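Commentary on secondary and tertiary structure
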Amino acid sequence: MNIYDFTVKAQDGSEISLADYKGKVLLVVNTATGCGFTPQYDELQGIYDAFKDKGFEILDFPCNQFGEQAPGDDEEIHSFCTGRFGITFPQFSKVDVNGENAIPLFKWLTENTKFEGFGMSPMGVMLSGVVKKVDKDYKNNGNVKWNFTKFLIDRNGEIVARFEPTDMKNLKAKIEECL
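Before going into details, it helps to say that this report is about the structure given with it. (Residues numbered from 1 in each chain as written. Predicted model: local features only at pLDDT ≥ 70, side-chain atom pairs only at ≥ 80, totals over all residues. Heavy atoms only, no water.)

1. Brief notes about the pairing of strand S4 (residues 56-62)
Note the threshold: Relative accessibility decides the category of a residue: with a 1.4 Å probe and only protein chains considered, values under 20% of the type maximum give buried, values over 50% give exposed, and everything between is partly exposed. Each helix is a run of H or I in the DSSP string that is no shorter than four residues. Each strand is a run of E no shorter than two, and both are numbered from the N terminus. Strand pairing is assigned whenever DSSP identifies at least 2 bridges connecting the two strands. Crossover handedness is defined here as right-handed if the route from the first strand over the helix to the second strand goes clockwise, with the strands pointing away from the viewer.
Within S4, seven of the seven residues are buried, leaving the element largely enclosed by the surrounding structure. The two faces of S4 match: Phe-56, Ile-58, Asp-60 and Pro-62 on one face and Glu-57, Leu-59 and Phe-61 on the other face are all buried. Judged from the seven bridges that link them, strand S3 (residues 25-31) and S4 form a sheet pairing that is parallel. Bridging from a neighbouring strand, Leu-27 pairs with Ile-58 of S4. Regarding the hand of the β-α-β motif, the stretch spanning S3, helix H1 (residues 40-51) and S4 is right-handed.

2. Structural notes on the packing of aromatic side chains
Applied cut-off: Two aromatic rings from Phe, Tyr or Trp, using only the six-membered ring of Trp, form a pair when their centres are within 6.5 Å; if the ring planes differ by under 30 degrees the pair is stacked, by over 60 it is edge-to-face, and anything between is tilted.
Going through the model one piece at a time under the given rule, you end up with 13 aromatic pairs. Judged by centre distance (4.8 Å) and plane angle (10°), the ring pair of Phe-61 and Phe-92 falls under stacked. A residue pair is termed long-range when its members are at least 10 positions apart, and Phe-61 in strand S4 and Phe-92 in the loop between helix H2 (74-85) and helix H3 (104-111) qualify at 31 residues. Residue class for Phe-92 comes out buried when judged on its relative accessible area of 3%. Among the aromatic side chains, those forming a connected cluster through ring pairs are Tyr-41, Tyr-48, Phe-80, Phe-85, Phe-89 and Phe-148.

3. A look at the packing of H1 against helix H5 (residues 171-178)
To keep things clear, this is the line we draw: Axis lines are fitted through C-alpha atoms, for helices just across the contact stretch, and the angle between N-to-C directions can take any value from 0 to 180 degrees. Convention used here: angles under 35 degrees read as roughly parallel, angles over 145 as roughly antiparallel, angles from 65 to 115 as roughly perpendicular, and any remaining angle as oblique. Crossing chirality is assigned from the near helix's rotation relative to the far helix, an anticlockwise turn below a right angle marking it left-handed and a clockwise turn marking it right-handed. Contacts are residue-level and defined by heavy atoms, with any inter-residue pair within 4.5 Å sufficient. Residues are grouped as follows: Ala, Val, Leu, Ile, Met, Phe, Trp, Tyr, Cys and Pro are nonpolar; Asp, Glu, Lys and Arg are charged; every other residue, Gly included, is polar.
Remark: H1 packs on H5, axes separated minimally by 11 Å, with the N-to-C direction vectors making an angle of 25°. Comparing their axes, H5 and H1 come out roughly parallel. The handedness of the crossing between H1 and H5 comes out as right-handed. On H5, the residues that touch Leu-44, Ile-47 and Phe-51 of H1 are Leu-171, Lys-172, Ile-175 and Glu-176. Looking at side-chain class alone, the contact of H1 with H5 contains five nonpolar, no polar and two charged residues.

Have a look at this one:
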């Protein structure tokens, strides 16, 4: 099984096969419009602009599961992201990434990656404390822990790496390796 085996919902509710992205390097991200990490949209757009002509796509999945930081419907979220951050990469319908209602794509991503920690930055330490209150066993499961968790997929549809929201510094170099 790889990413091309999944379908997801576009903002308009239509089904999109991820096989449409065969041969591209993909970054799958769960996002939120009201999160401390929301400014990462600027950096993500910069990465997208740098690599989109080399076969790179960002697949943006808004999610309201973490602190209810993605309120609004799909259209409101998209308007915010395009208006405030100028995003031009594909943004899909709002999803659940954990739990009973998680979409199959994120079930696959979380079952096939490990949580490596948030790091020791002040934000990483703070986030560990917040997540621990919700999931006592958070260090030992692959669940998405917070908004802006990123999964890098190679041109063969295989998961290459997982980046927690606190880790943007290694992302660009890893994408370049895959391209």
